[in-house]
Amino acid sequence: MGHDRVLASLNLFAVLQNLEELVKLDPQAAALCADWNVSMSFSVLNGPAAWIEFGNGSCTVKKGWDLKADIALKFVSCRHLNLMFESKRPPIIARGITRLPFLLSKFPQLTKRLEYYLKPDEKLLETDELFRRMNTILTLNTAAFAAVELASYDPVCQHIASAIPQGTVLLKILPDGPAVTLFIKKDGWQAQKGDIENPSAKMLLKDMDIAGAFLNQKLDIFCAIASGDVAISGTVPMLDNLGLILDRIPLYLA
Amino acid sequence: MTAYSHEKSRALFERAAKVIPCGIYGHFSPAPLIPPSDYPFYAESGAGSRFVDVDGNSFIDYMCAYGPMVLGYAHKKVDAAAAKEHKKGSCLSAPAPVMVELAEYLVDLVFGMDWAFFAKNGNDVTTYAVMVARAATGRKKVVAIKGGYHGVAPWTQGLGHHGVLEEDCGHILRIAWNDFDAFASLVEKHPGQIAAFIASPYHHPVYADNQYPAPGYWQKVQKLCNQKGIVLIVDDIRCGFRLNMAGSHVFFGFEPDLVCFCKAIANGYPISALMGKGALLTDAAKVFYTGSYWFSSAPMAAALATLAELKRINGPELMLAFGEKLCKGLAETAKSHGYDLKVSGAPSMPYLRITDDPSQMLHQKWCGLCTSMGAYFTSHHNWFVSTAHNETDLTDTLKIADRAFEMLKKEKR
Ligand SMILES: Cc1ncc(COP(=O)(O)O)c(C=O)c1O
């Protein structure tokens with residue numbers, strides 16, 4: 001699978017889903033979309049598709065098509081979609097042209113806010129605890145959903161995934177979350193926000209700072225495990241292999 | 001029995017983390033020791049079957065330095081032989097006579113092998129073996145086993161591991177252990193392209209039950225290799241001299257072309273060996289391969305002393321017998337507490353696993369508890385016994401295991 005195909009999946013299914021948390025946790029984002037009542041679909045010709053729904057101050061992101069979305073954005077190729085994510089090319093508006101003002105000014109404010117957390121300013125990351133917390137939560141979710149896409153579409157990750165035992169992996173930030181769970185099955189992986197009882201393997205990150213360092217590729221994980229900052233247990237080969245997959249995220253979402 | 005504490009180990013590790021990648025890297029990394037808080041990180045000294053950590057805690061050692069310790073730590077005969085050689089000068093500008101002596105000794109000892117080449121680590125000789133096979137056949141591809149470990153050179157590692165290129169493992173074809181048909185179909189699919197088949201004498205992966213060869217497996221592999229001009233390499237680095245002094249291929253009844261030895265060969269002194277059939281001698285000679293310390297004579301003297309002593313006391317038989325008693329005792333202890341402890345692999349290097357919890361968390365807890373009371377067990381890797389393990393060790397170990405199962409049960413309640 002080519003770079004653009006993988007990146008398109010990551011953009012649609014690992015990056016966009018963060019809008020759900022963003023709207024929930026970031027007051028500025030919440031205020032922006034408090035009265036939005038609109039659904040939008042993103043679809044690539046012969047490629048992946050996702051849709052977003054805003055209503056009652058919350059946001060839901062789903063995989064697949066919604067034929068009745070108020071706004072339908074189409075892309076001729078994965079590259080086209082990826083360029084839109086970099087604000088370098090506009091989408092084709094197949095439906096909802098009357099919502100142009102929303103598309104041109106309101107929605108981008110929200111995605112800018114997402115970018116603010118996901119492409120963090122290093123200084124802010126160091127000095128602002130709240131900012132760091134948001135970055136960590138969103139990066140944790142991105143990592144879990146990205147792993148699913150990489151295991152399906154990145155050739156190296158497909159190879160790694162073929163050797164992973166089946167079961168569930170819990171990644172959790174202590175003391176009480178957030179957490180993500182990965183369901184690893186031969187016929188496909190799934191990610192889910194939240195905790196699970198009796199996972200096959202778990203990785204518990206001591207606090208937000210350790211989790212942030214881990215997720216931003218700034219942690220010597222072997223040291224962290226030995227010193228107790230990260231606790232692993234269960235079917236460790238799942239974690240070893242998942243780690244290799246997570247390490248490939250920056251090749252796409254740098 | 002009170003649990004050990006590890007203040008000095010942890011203080012050292014904190015310093016290490018600042019100046020050494022991983023703090024402690026590779027197979028000694030504490031990362032798979034779960035939970036790490038139950039394990040010592042730094043050792044102070046060893047004698048016989050036990051080692052003492054920097055905090056003064058003593059352990060009956062069932063990892064034996066991950067294999068090299070085979071006669072017991074601080075073994076007088078081996079240490080004296082090494083010291084004597086070292087005093088003469090271990091690293092001079094030409095090799096010492098002991099190199100020839102050791103090669104001759106090994107050629108006499110190991111069945112079917114006509115020459116020996118020395119290096120330091122297991123990885124040195126598995127990589128050399130593959131190069132020799134490629135040189136001899138003019139072919140590129142190497143068939144290996146999924147989950148088989150042959151070291152850390154890029155060709156031994158999988159795609160996706162850091163620092164490893166697609167090209168590094170592009171010619172390594174991995175198949176499941178004991179699947180002769182998979183090997184036969186690869187041979188058919190890549191006619192005239194397979195240089196070697198490499199595997200350990202039996203399958204000893206980490207985190208999974210170990211598996212002996214199915215009846216006839218090695219014999220069929222050998223036959224096909226011989227027919228198709230494929231070099232049959234046995235990686236006897238872990239099993240070597242723990243199953244049979246003449247090589248583990250004798251234990252399983254087949255004849256390889258190349259055999260790799262390391263771990264148990266010199267009771268902890270750094271040396272490894274590739275041995276081969278006469279037909280491959282000139283090909284081996286053509287491959288340029290060497291290292292700064294590969295001619296050090298003290299480890300060679302240590303190897304001679306170790307092998308002679310292992311042979312004199314019939315080391316493999318002693319270790320197999322002790323391992324048998326250990327595993328039986330542990331399985332019975334487990335059963336008395338309502339747990340099922342499954343044993344696999346050779347008793348001299350057994351892999352144990354509590355089957356009641358497929359996630360292995362229970363097993364990890366039990367191994368951690370045992371270690372924290374003085375029986376050094378890892379949960380991810382096969383264990384090793386040595387000829388120094390004795391009845392006192394066995395009794396003490398079973399007591400510790402019993403207590404650990406009791407604690408495990410209490411915790412569940
Ligand atoms: C079967 C086997 N082959 C090769 C090696 C690599 O040996 P070394 O770590 O000395 O390079 C090992 C080490 O554990 C091993 O067990």
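If you're wondering where the values come from, they're calculated on a predicted model, not measured in any experiment.

All names here are of chain B. Ordered by their spatial adjacency, four strands build an open sheet running S1-S2-S3-S13, and the pairing between neighbours is mixed. Every interior strand has two partners, whereas the edge strands, strand S1 (43-47) and strand S13 (375-376), have only one. Both S1 and strand S2 (residues 50-53) contribute to a ladder of four bridges, which runs antiparallel. Bridged to Ser 45 within S2 is Val 52.

Residue and element names in this part refer to chain B. Near the ligand the following residues occur: Asn 121, Gly 122, Asn 123, Tyr 149, His 150, Gly 151, His 204, Asp 235, Ile 237, Arg 238, Cys 262 and Lys 263. A distance of 2.6 Å separates a nitrogen atom of the ligand from a polar atom in the side chain of Asp 235. Taking Lys 263, its side chain carries an N or O atom lying 3.0 Å from an oxygen atom of the ligand. For the ligand, whose accessible area on its own is 390 Å², the fraction buried by protein is 88%. Grouping the constituent residues of the shell around the ligand by class yields three nonpolar, six polar and three charged.

Before going further, it helps to spend a moment on the state of the cysteines. In total, this model carries zero disulfides over all chains according to the counting rule given. With no disulfide of its own, Cys 262 of chain B has Cys 260 of chain B as its nearest cysteine by sulfur position, at a separation of 9.8 Å.

Counting across every chain of the model gives 39 aromatic pairs over all chains. Summarising the aromatic geometry, the rings of Phe 241 of chain B and Phe 261 of chain B are spaced 4.7 Å apart at their centres and angled 20 degrees between planes, so their arrangement reads as stacked. Here Phe 241 of chain B, found in the loop between strand S8 (231-235) and helix H8 (248-252), pairs with Phe 261 of chain B, found in strand S9 (residues 258-261); they are 20 residues apart in sequence, far enough to count as distant. Like Phe 241 of chain B, the residue Phe 261 of chain B is buried in the burial classification. Between Trp 366 of chain B and Phe 377 of chain B, the aromatic rings sit 5.4 Å apart at their centres with planes inclined by 40 degrees, giving tilted as the arrangement. Of this pair, Trp 366 of chain B sits in helix H12 (residues 361-372) while Phe 377 of chain B sits in the loop between S13 and helix H13 (391-412), and the two are 11 residues apart along the sequence. In this structure Trp 366 of chain B comes out as buried when scored by relative accessible area, which is 0%. On the basis of relative accessible area, Phe 377 of chain B is assigned to the buried category, the value being 0%. Counting every residue linked through ring pairs, the aromatic cluster contains Trp 177, Phe 180, Phe 183, Phe 197, Tyr 217, Trp 218 and Phe 254 of chain B. We note Arg 5 of chain A situated over the ring of Tyr 153 of chain A; from NZ or CZ to the ring centre the distance is 4.1 Å. One Lys or Arg, Arg 10 of chain B, reaches over the ring of Phe 41 of chain B and ends 3.8 Å from the middle of that ring.

Glancing now at the domain arrangement of chain A. All names here are of chain A. The domain boundaries assigned to chain A delineate domain 1 (3-118) and domain 2 (153-251). The distance between the C-alpha centroids of domain 1 and domain 2 comes to 27 Å. On the side of domain 2, four residues touch domain 1, which itself brings seven residues to the contact. Summing both partners gives a buried area of about 460 Å² for domain 1 against domain 2, and 56% of it is carried by carbon and sulfur. Taken together, the connections running from domain 1 to domain 2 amount to two salt bridges. For Glu 20, the salt bridge goes to Lys 193, with nearest N and O atoms at 2.9 Å. Along the contact surface separating domain 1 from domain 2 lie four residue pairs in polar contact (both at pLDDT 80 or more). Of all the elements in the fold, those that place two or more residues in the side of domain 1 that touches domain 2 are helix H1 (3-15) and helix H2 (18-25). The element best represented in the side of domain 1 that touches domain 2 is H1, accounting for four residues. Considering only residue class, the side of domain 1 that touches domain 2 consists of one nonpolar, three polar and three charged.

Let us look at helix H11 (residues 315-336) of chain B. All names here are of chain B. With 22 residues, H11 extends 32 Å between its outermost C-alpha atoms, agreeing within 8% with the 32 Å of an ideal straight helix rising 1.5 Å per residue. Every buried residue belonging to H11 is among Gly 315, Pro 316, Met 319, Leu 320, Phe 322, Gly 323, Leu 326, Cys 327, Gly 329, Leu 330, Thr 333 and Ala 334, and all of these are buried. Along its buried surface, H11 packs onto H8, helix H10 (297-313), strand S11 (341-344), strand S12 (351-354), H12 and H13. With its phi angle positive at about 85 degrees, Gly 338 sits one or two positions after the end of H11.

Moving on, we get to the interface of chain A and chain B. A common way to state how big an interface is: give the accessible area lost once the parts meet. Across the boundary between the two partners, chain A contributes 21 residues, which contact 20 residues of chain B. Between chain A and chain B, a total of about 1,600 Å² is buried, with carbon and sulfur atoms accounting for 71% of that surface. Summed over the shared surface of chain A and chain B, the number is zero salt bridges. The interface formed by chain A and chain B holds four residue pairs in polar contact (both at pLDDT 80 or more) in total. Sorting the residues of the side of chain A that touches chain B by element identifies helix H8 (155-161), strand S9 (201-205), helix H10 (221-227), strand S10 (230-234) and helix H11 (236-246) of chain A as the ones contributing at least two each. When residues of the side of chain A that touches chain B are assigned to their parent elements, the largest contribution, five residues, is made by H10 of chain A. Split into classes, the residues belonging to the side of chain A that touches chain B amount to 12 nonpolar, six polar and three charged.

Conventions and cut-offs
- Residues numbered from 1 in each chain as written.
- Chains lettered and ligands numbered in written order.
- Predicted model: local features only at pLDDT ≥ 70, side-chain atom pairs only at ≥ 80, totals over all residues.
- Heavy atoms only, no water.
- Pairing = 2+ DSSP bridges.
- Helix = DSSP H or I, 4+ residues; strand = E, 2+ residues; numbered from the N terminus.
- Near = heavy atom within 4 Å.
- Polar contact = N/O pair within 3.5 Å; in protein donor to acceptor, adjacent residues only side chain to side chain.
- Areas by Shrake-Rupley, 256 points an atom, 1.4 Å probe, with all protein chains shown as cover.
- Nonpolar A, V, L, I, M, F, W, Y, C, P; charged D, E, K, R; others polar.
- Disulfide = S-S within 2.5 Å.
- Phe/Tyr/Trp six-rings, centres within 6.5 Å; stacked < 30°, edge-to-face > 60°.
- Buried < 20%, exposed > 50% of the residue type's maximum accessible area, 1.4 Å probe, protein only.
- Lys NZ or Arg CZ within 6 Å of the ring centre and 35° of its normal.
- Domains from an automatic or database assignment.
- Contact = heavy atoms within 4.5 Å.
- Buried area = accessible area lost by both parts, 1.4 Å probe.
- Salt bridge = Lys/Arg side-chain N within 4 Å of Asp/Glu carboxyl O.
- Expected span 1.5 Å × (residues − 1).

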